[in-house]
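The residues making up each chain are set out below.
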Amino acid sequence: MVHSAYDAVELVADVPGHIEAVASHAGKLLVAVSDTEGFLWGSDCSLRIYSAPSPSSDGGGEIRWDGPYALERQEPRFWRRPPLAMEVSASSDLLISLSEWVALHRLPGLETVAVVSSKTKGANVFAWDERRGFLAVGRQKRLTVFRLDSGREFVEVKEFGVPDILKSMAWCGDNICLGIRREYMIINSMTGALTEVFSSGRIAPPLVVPLPTGELILGKIVQLTASGEFDEALALCKLLPPEDSNLRAAKESSIHIRYGHFLFDSGSYEEAMEQFSDSHVDITYVLSLYPSIVLPQTNIIGEHDKLLDMPELARESSDVTDEMESYSLQLHESDDKSPLEVKKMSHNALAALVKYLQKKRSGIIERATAEVTEEVVSGAVHHSLKLSEPYKPKKLSKKRAQTHTSSIAREMATVLDTSLLQALILTGQSSGAIELLKGLNYCDLKICEEFLKERSEYMVLLELYKSNEMHREALRLLNQLVEESKSEMENTDFNKKFNPQMILEYLRPLCRSDPMLVLESSLYVLERNPSETIQLFLFENVPADLVNSYLKQHAPNLQSTYLELMLSMNDTGINPNLQNELVQLYLSEVLDWYKILKEEGNWTERTYSPTRKKLISTLESNSGYNTDLLLKRLPQDALFEERAILYGKINQHLRALSLYVHKLQMPERAVAYCDRVYEEREQQPSKSNIYFNLLQIYLNPRKAEKEFEQKIIPVASQYSGIQKATATKLKGGRIGKKVVEIEGADDIRFSPSGTDSGRSDGDGDDVNDGGPIMLNEALELLSQRWDRINGAQALRLLPRDTKLQDLVSFLEPLLRNSSEHRHNYLVIKNLIFRANLQVKEDLYKRCQAVVKIDGDSTCSLCHKRVANSAFAIYPNGQTLVHFVCFKESQQIKAVRGANSVKRR
């Protein structure tokens, strides 16, 4: 029957040192404490007396179990060396202790009563008989019996020889139970007759514990284990003396292993794992209980295998192995169990294994990581030493130096992680397996890959590839799964599980580390989700030139889409080459579209396709493209709007306006063009009057044509391929068309003083020579933009027969504004004049100041008398200084000012 031999209650906590022995007296605890673990001579071995918080109500002096006990008294250096044992004689109020020898102290004052030094020096054990006052002391192979005489000294009674050194003893009536070697013996205290009782076991030393009832507890760790009383066996192991700590640890490990097998066989899998964990056996030992777990090949020698080398544990370890093998046979040959029970048992066993491995994992992974770090540091030091050799040629070695260090920790980590992943999958914890792979892990790639493929655990397999940086394999598998998911539309769960978005999410962290792999693997999603894929390139800062080149080669239909999105996100920071690339793509498509419509006879300048709208918008909003190259590609008889925009980009405003007015017949676009140019140049101190240029085109096309012709040659030489502007004239010198063909010219500025004869430019000219002018448009421009046009120049340009009534909307606000400005200027002029008079008056008053100088007047700088020297007065009218001192002070200020400027 399994039971607890004792109830554990904590009475004293935080004792400062190592507790060597404990006794009780009158309800108080006597504790022997050593500050140096009690192994060295001269250590501070003190006696600490603890008492209960309140006295006992019954007055019997019993130990109270409600605690805690508080320190009442301390006797430092009570012993010269740590005591081996300590006991209290309640009837005589004596404290008996064995340190260097046996000593007696009177309680409670702790006065020294007697010291038994002759026969007890070097003794290692004693036993006290309270009833008769007998003391048995074991020293080497001798047993001496003393009697307490009159409560003051011990008198030797008997001395016997024993077979070996005594390890434990206790009085039992007239006899003494002895623990010698691995045996228990009874010796008669009067005759010395020895009687063997039984063996204590192969490992643990004999242990004798007396009970208040007069009975003895004899330790024997094999019988309890064999009968299944593992808790009692472990409790007895704790009572083994400290000098047998190695044997105690080995025996405890053996008991834990047997206990673990017992619990595992009983179906208490989690409790079994706790016992295996306490036994500190290698994880491979526990994994051998799970034949379904595939382990990698390693050279690990487990802790349990090492225990087999110890003779004391050879037989018990073989018994444990036999039990394990018998359990494995039972596991495989359990035909009498139903499949449901077997499945349940397997699941619970694997779930317990998962907890066991997770508990063991942190320490094993830490050791493996430390091992890797050590190798890296060692390799770095080796490399640096090689580089620091001054007399050897520095040649690059074809083979990299390798450090041959132990890999036990990594092999153990590989076994653990590989087994843990399988156990997680077998228990349906796929999410836990993914979390395992996301962190640092040592899973065996081949075993885990085959295992996951067999069970179609593709999400975990993807994470396995990712953790091993096998991105190509992962993306290949992901593309396959997405394609299969698309073909199996009826399986909604599978369809939701794998979709093109997963490919994008996988590619996202690779954009910075391996952009070429991202581009190679993105064709599938580019075709199905072009917008999201291109946004991935943009947001993750994949080199734009690289993306553009790749799309140009493999997906030219998506090139413009990529450039459009990139331009919409950052229209100022985009590479000019890419801007030019996008415009060229637009223009190529527009030219193909234009040729088709021209052949069909459906082409007009007011026909717009979506691509042409994009082209015009891009030409207007950007300037990073090659204007010269685009002008060469434009046809001579079409796409005048695009040509006008390009002329505007190179400041050929007259030609651009002429195209808007005469070729496109869009005066409103010409006015909008002037507004844009005016607003862009508003902050510039000198800007051309763009509106006057438009008036020139409206009212004097012949003069504009001559001006254009004068600029044709320099412009044509600057922009190759741009033809000279020509005008087709009819016979008689009259202009046959009111529109001139403009192919390029510099921005022409008209001087307002060119024709200052008091009449308009139309005076003396035949109006009909220039063809019909656009007077209505000119008057509308004057009325709408009167504040942006030089009125005098505009009036000179108007024809002589222009009616004054038509100019009211232009002249009225112009004259009102001019009058207002004149009035404001007069006010400002008068104010300035008044301020000037005030300054002159103030100067006059200050010049009339009188300063009286006598023989006592001194310089404010050098404090000497002015006398007949030249002097100066500061503006305050009171400070008097020598003129020489004044000049020197001014020079000092100038030097200081220059130095401060230099320091800045």
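Residues numbered from 1 in each chain as written. Predicted model: local features only at pLDDT ≥ 70, side-chain atom pairs only at ≥ 80, totals over all residues. Heavy atoms only, no water.

Draft legend 1. View of the nonpolar core. Ranked by size, the top nonpolar core spans 150 residues in total, and within it Leu353 and Leu421 carry the most contacts. Sequence-distant contacts of Leu353, that is, excluding residues within four places in its chain, are made with Met273, Val286, Leu287, Tyr290, Ile293 and Ala423. (Core = buried A, V, L, I, M, F, W, Y, C linked by side-chain atoms within 4.5 Å. Buried < 20%, exposed > 50% of the residue type's maximum accessible area, 1.4 Å probe, protein only. Contact = heavy atoms within 4.5 Å.)

Draft legend 2. Summary view of the sheet that holds strand S9 (residues 125–129). Sheet architecture is open: four strands sit in the order S9-S10-S11-S12, paired in antiparallel fashion. Each end of this open sheet is capped by a strand with a single partner; those strands are S9 and strand S12 (153–161). Put simply, the sheet's adjacent strands are angled 20 degrees from each other on average, direction ignored. Bridge count for S9 against strand S10 (residues 134–139) is five bridges, and the pairing is antiparallel. (Pairing = 2+ DSSP bridges. Helix = DSSP H or I, 4+ residues; strand = E, 2+ residues; numbered from the N terminus. Axes fitted to C-alpha atoms, helices over the stretch in contact; angles between N-to-C directions.)

Draft legend 3. Spotlight on the sheet that holds strand S2 (residues 28–34). An order of S1-S2-S3-S4 is seen for the four strands of this open sheet, with the pairing classed as antiparallel. Two strands close off the open sheet at either side, each with one partner strand: strand S1 (18–25) and strand S4 (70–79). Pairwise comparison of adjacent strand axes, ignoring direction, gives a mean angle of 20 degrees for this sheet. Both S1 and S2 contribute to a ladder of seven bridges, which runs antiparallel. Bridging across to S2, His25 finds its partner in Lys28.

Draft legend 4. Here's a closer look at helix H25 (residues 640–649). Within H25, nine of the 10 residues are buried, which leaves it mostly tucked inside the rest of the structure. Residues Phe640, Glu641, Glu642, Arg643, Ala644, Ile645, Leu646, Tyr647 and Gly648 constitute the buried set of H25. In this structure, the buried residues of H25 make contact with helix H23 (610–621), helix H24 (627–633), helix H26 (653–663) and helix H27 (667–680). Of the residues flanking the end of H25, it is Asn651, one or two places downstream, whose phi is positive at about 65 degrees.

Draft legend 5. Inspection of the pairing of S10 at higher detail. For S10, the tally of buried residues reaches five of six residues, placing the bulk of the element in the interior. Counting the residues that bridge the hairpin from S9 to S10 gives four residues, and of these Gly133 lies at a positive phi of roughly 75 degrees. With six bridges connecting them, S10 and strand S11 (residues 142–149) associate as antiparallel partners. Across the sheet, residue Ala136 finds its bridge partner in S11, namely Val145.

Draft legend 6. Structural detail: the packing of aromatic side chains. Taken as a whole, this structure holds 12 aromatic pairs when the rule is applied. Ring geometry for Phe264 against Tyr290: centres 5.8 Å apart, planes inclined by 85 degrees, an arrangement best described as edge-to-face. Placement of Phe264 in helix H3 (residues 245–265) and of Tyr290 in the loop between helix H5 (283–287) and helix H6 (303–307) is noted, with a sequence separation of 26 residues between them. Looking at Phe264, the relative accessible area reads 3%, which means it is buried. For Tyr290, a relative accessible area of 5% puts it in the buried group. Taken together, the aromatic side chains of Phe264, Tyr269 and Tyr290 make up a single cluster linked through ring pairs. Seen from the ring of Tyr506, Lys466 lies directly overhead, with NZ or CZ sitting 5.5 Å from the centre. (Phe/Tyr/Trp six-rings, centres within 6.5 Å; stacked < 30°, edge-to-face > 60°. Lys NZ or Arg CZ within 6 Å of the ring centre and 35° of its normal.)

Draft legend 7. Looking closely at a nonpolar patch on the surface. A contiguous nonpolar surface patch, about 280 Å² in accessible area, is contributed by Val851, Ile853, Phe871 and Ile873. For Ile853, the location among the structural elements is in the loop between helix H32 (808–847) and strand S19 (871–873). (Patch = residues over 30% accessible without salt bridge, like charges linked within 9 Å, V, L, I, M, F, W, Y side chains within 5 Å. Areas by Shrake-Rupley, 256 points an atom, 1.4 Å probe, with all protein chains shown as cover. Salt bridge = Lys/Arg side-chain N within 4 Å of Asp/Glu carboxyl O.)

Draft legend 8. Structural context of the state of the cysteines. Taken as a whole, this structure holds zero disulfides when the rule is applied. Summary of cysteine pairing: Cys443 is not part of a disulfide, and the nearest cysteine sulfur, belonging to Cys448, is at 4.5 Å. (Disulfide = S-S within 2.5 Å.)

Draft legend 9. Structural context of the confidence of the model for the protein. When pLDDT is averaged along the protein, the result is 76, and 74% of the positions lie at 70 or above. The weakest mean pLDDT in the protein belongs to helix H7 (residues 311–332) at 43; the strongest belongs to helix H11 (residues 445–454) at 94. Here residues 303–336 is modelled with pLDDT under 50, and outside its nearest four sequence neighbours on either side it reaches 47 contacts, counting other chains as well. Taken together, the stretch residues 387–406 has pLDDT below 50 and engages in nine contacts with residues farther than four places along the chain or on a different chain. (pLDDT = per-residue confidence, 0-100.)

Draft legend 10. Fine view of unusual backbone geometry. Between Leu107 and Pro108 the backbone carries a cis peptide bond, its omega angle lying at 5 degrees. Checked against the element boundaries, Pro108 lands in the loop between strand S7 (102–106) and strand S8 (111–116).

Draft legend 11. Molecular detail of the packing of H3 against helix H4 (residues 269–279). Viewed as axis vectors pointing N to C, H3 and H4 meet at an angle of 165 degrees, and their least axial separation amounts to 8 Å. By the angle between their axes, H3 is roughly antiparallel relative to H4. For the pair H3 and H4, the crossing hand works out as left-handed. Contacts between H3 and H4 pair Ser253, His256, Ile257, Tyr259, Gly260, His261, Leu263 and Phe264 from the former with Tyr269, Glu271, Ala272, Met273, Gln275, Phe276, Asp278 and Ser279 from the latter. Here the residues of the contact of H3 with H4 sort into eight nonpolar, six polar and two charged. (Parallel < 35°, antiparallel > 145°, perpendicular 65-115°, else oblique. Left-handed = near helix turned anticlockwise from the far one by under 90°. Nonpolar A, V, L, I, M, F, W, Y, C, P; charged D, E, K, R; others polar.)

Draft legend 12. Structural context of the packing of helix H28 (residues 690–699) against helix H30 (residues 775–784). Viewed as axis vectors pointing N to C, H28 and H30 meet at an angle of 160 degrees, and their least axial separation amounts to 8 Å. Accordingly, the angle class assigned to the pair H28 and H30 is roughly antiparallel. Handedness of the H28/H30 crossing: left-handed. Packed against H28, whose contacting residues are Tyr691, Leu694, Leu695, Tyr698 and Leu699, the element H30 presents Leu775, Glu777, Ala778, Leu781 and Leu782 at the interface.

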